[in-house]
Amino acid sequence: MTQDLSQYASLIEQLKPMVKEPEFNQVLQQIAASVPKEKRFLLKMEMKRLARPCMRVIDLRDQVDGECRLYEYGGIKHYLDDVAIEVFEQQVRIFGHYCFGVYETVMATENNFKVIREKAEAQRNGDAPPPPPEKLSGNVKVFDVPNITLLEYAQRTEERMNFAVALEVVTDTNNSVRATSVDISSHGMKVKVPKDYKFTLGQVLGVYFRGLESEYALDKTASIKYQLVSISRKGDFQFLQMKRLESAPNDPFDQFIDKFIHGNKRRYKVNMDNTVDAIINKSCEQYFSPSCPTLPVFLEVSEGKVIPRFAMANDLNRHILSYWNDEEDELRLGYLISGKRLERLLKSNYRSPEMYIYSFNHIQNGRVYFYSAAHDELNRDPGLKQLFLGFGARKVSWRVFKVGLCNMSPEQAYAPLSLPDEVGTKVKRQNAKPAPRLMAKLKNLAHIAQITDITSEHEQMLFSQLKIDRSRLKALKIFGHARNKVPAAIKSFRYKFQEQRMEARYLLRTTVQVYARDQDISAISEDISVNGMRIEIDGEYDGDMNMRVDVGLPKLQKLSAKFDLTRLQYRVVHISGDRNVLHLRTVNGEEGLPARRFFAELIKNNKSSLKTYPDEEEIPGIGHALRCINAKNPSTLAFVLSKNGSRFQPQVGVLSEHSNPRLKALFSYYADRQKMNLEPLFRDRNLETPFIQQSIKRVKSELQPVTTELLIAFNPQAQDAIETIDARYTHRFTSDSARRQFIEDAMHNGLFIAINVTISTTGKPDVEMLQSEINYISVYAIHRAKELEARLWSINACVHAVDITDQVLMRYNFGAQDIAKNHQLAKAPSTESDKSSETNEDEPAPDAS
């Protein structure tokens, strides 16, 4: 449409349905009577142009804020999202065929990136009003993803067969209802009845199998007794989940139904819904757990004392353990989570207790001295607080940790298959409960301390500018951890995945040259990985921890002309007690990239010949048990993404019921029931460099996770939906003063939320762990098994988000009253999903068999 005719857009919409009608000219004269004659002629020509048949293909992939799929009309294949399909079909109904009017309307939908940019530009220039609330709400629905609970799925004690047959259901008041079975098992059944009838949970019902009586010799006078265990509603029907009443056995019917199911389950197909759900659920756990940046430490309660016992390490949280290793490679993580700090966390009034701890270390005479202080400990002396923050932030070893606390139960270690034991002996073995010896080791575990490294470069720079009095540095001794008071020993375990280790260590002995402080040190490598290596040197190393060194690989250089291996950039992250074994890690960013790329290619090309360290457990199964417990108590918001065109789209997420109330309020605001809406994390999607999209590409290139902070102003009471959530990644601000002003404005108008966001790519799915269930599905529906495997392989990346609101408020010197007020506001917001959840009747029924 030309600019001259844009003022007549409403007239054009009225004329569209009439353009092919004989009386079009008459209608045009009536509707456009007030339009000048020359303009009326242009309108007529425009309508004829719009009605001309069109053969153009519409491909909206990467052009709209939605998921596109193949859509065929009139022999022409288009790629459209749901919004475009709706508009396409609506315009075809108006014009009667595919024409230029349909094409141009579809290319100008509200979620088209070009349209969004043009509107934003017009709004900045004052040429257009802000979009109405419903437009924003409709747009954000593409970021709705299912919210699942890890390792929670229905386990069946027997197979259920899809089977529809006419039934008569008789209530305890002798009322008769016609029904149809949906599926059936030896001891349970699901039936469909009209929604008009009333039933109550626990009610005893008599069932007559009227549809089978003509073919089989069933007793027509005796009903089979069932008890109602759940009711779900969908459309005009309600679905009753029933189990056989144990007090009313019927041996002849039991024998009949067992034989009937065994003889017909291939014909009518076994109901596999719970197995499909289990495969999706367990595959998500495979992606979330190994990529979670939070280190879980399992706490034992014994004789009134809380003692840390076990830690669960993966590739993204292992650096926390390395940081707390001393010069003898002994883990001193107990300094961070001391008994007194854990007791304070247990006494916290908050639903999700948390503590922020600042730390650094000092190396003297080859010994590592650890210093740490929680925020409430620093607040006892403002002068010492400035000294600790200012001095500590100037050191390379400066770190900030968030420590959260949640309850757990040893019984959560049990995660059986979704299949009944009767499927086979292997399934029965996999369904076995953990061994008594293992459970005895876990029986006193009661809590999990969840430790996340939330160190921020912006914050470290801010604190390093604080003025300090160096003559008072000795006063920091009160924050030092005495080396003669050794903390409780913590045993660490690692996630076990057959094919998923992105950071496995491989045994490789080759010559290494280390260049440090003008010294040329000869060494032999013991093991290598993409991000690091362990080497043994001749003599003693006289350098420091965290020191940068150049590494040369002369023998490997002879085998590789593609890479320059003479001066690879590493940092010393650990020194053995006798100072002849060094742990090296690649330098972050571009400088360390050549080393990571070389070893990634070396490992990929020689994986079959390289050996990894054997993993042996003192008590078999304890690593898997701790992994299951941790998965059932997630501390972070997490979601996985797969590629759609050139963009990565979220697929499924995890946000626990026990998660931080702020995160629950924010990510449920626009979400439907049992879903979360991730739009705030993608708020910058229309900019040239959307953060999540760019970060995934960066992770794939640099082979290291990317971490940043997201600042959010959340005002659920705002009248205009566009003002409800204002989310900005921290690098979008020009200064700390701009960040502080944003926080002040957010707290003035509503709630402030800060999130630490970590993005990593995923490895291969561990199909072996899911093989029993995939094989089971393959027997009855091989196409579904292939679809599930394809879905597993389509996942490319994972995002974890940790709430750090209080720590960011402390960083910018907001007081305790401001923080407490922000907590109160987090409890209050009423979300759109809350309003709709009460009337949602399509909730699936739990398993009854």
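On a predicted model such as this, the values are computed, not experimentally measured, just so you know.

(A) Structural view of the sheet that holds strand β14 (residues 367–374). Pairing within the open sheet is mixed, and its seven strands lie in the order β14-β13-β15-β16-β11-β12-β17. The open sheet has two edge strands, β14 and β17 (491–494), and neither has a second partner. With direction set aside, neighbouring strand axes in the sheet form an average angle of 30°. Two strands pair when backbone bridges link them, and strand β11 (residues 294–302) and strand β12 (residues 305–313) are joined in this way by six bridges, in the antiparallel orientation. Counted as the bridge partner of glutamate 300 is isoleucine 307 from β12. Of the strands in this sheet, β11, β12, β16 (445–453) and β17 touch helix α19 (residues 622–631), which is tilted by about 100° from β12.

(B) Structural view of empty space enclosed by the protein. Per the counting criterion, the structure on display carries five cavities of 30 Å³ or more. When its volume is computed, the largest cavity comes out at roughly 180 Å³. Lining the largest cavity are 17 residues; nearest its centre among them are Cys292, Asn630, Pro634, Ser635 and Thr636. Those elements that place two or more of their residues in the lining of the largest cavity are β11 and α19. Taken together, the residues of the lining of the largest cavity sort by class into nine nonpolar, eight polar and no charged.

(C) Representation of unusual backbone geometry within the structure. In the Ramachandran plot, aspartate 329 falls in the positive-phi region, its phi being about 65° despite a non-glycine side chain. One can find aspartate 329 in the loop between α10 (318–323) and α11 (339–346). Unlike most non-glycine residues, asparagine 813 shows phi in positive territory, near 65°. Along the polypeptide, asparagine 813 turns up in the loop between α25 (805–811) and α26 (816–827).

(D) Region of interest: the pairing of strand β1 (residues 69–73). Note: β1 against strand β2 (residues 76–80), five bridges, orientation antiparallel. Bridging across to β2, leucine 70 finds its partner in tyrosine 79. In sequence, β1 turns back onto β2 through a hairpin of two residues, with glycine 74 there showing a positive phi of about 60°.

Reading the values: rules and limits
- Residues numbered from 1 in each chain as written.
- Predicted model: local features only at pLDDT ≥ 70, side-chain atom pairs only at ≥ 80, totals over all residues.
- Heavy atoms only, no water.
- Pairing = 2+ DSSP bridges.
- Helix = DSSP H or I, 4+ residues; strand = E, 2+ residues; numbered from the N terminus.
- Axes fitted to C-alpha atoms, helices over the stretch in contact; angles between N-to-C directions.
- Contact = heavy atoms within 4.5 Å.
- 1 Å grid on protein atoms, 1.4 Å probe; cavity = no way out; pocket = protein on both sides within 12 Å on 5 of 7 lines; lining within 4 Å.
- Points joined across faces, edges and corners; volume = space filled by probe spheres on them.
- Nonpolar A, V, L, I, M, F, W, Y, C, P; charged D, E, K, R; others polar.

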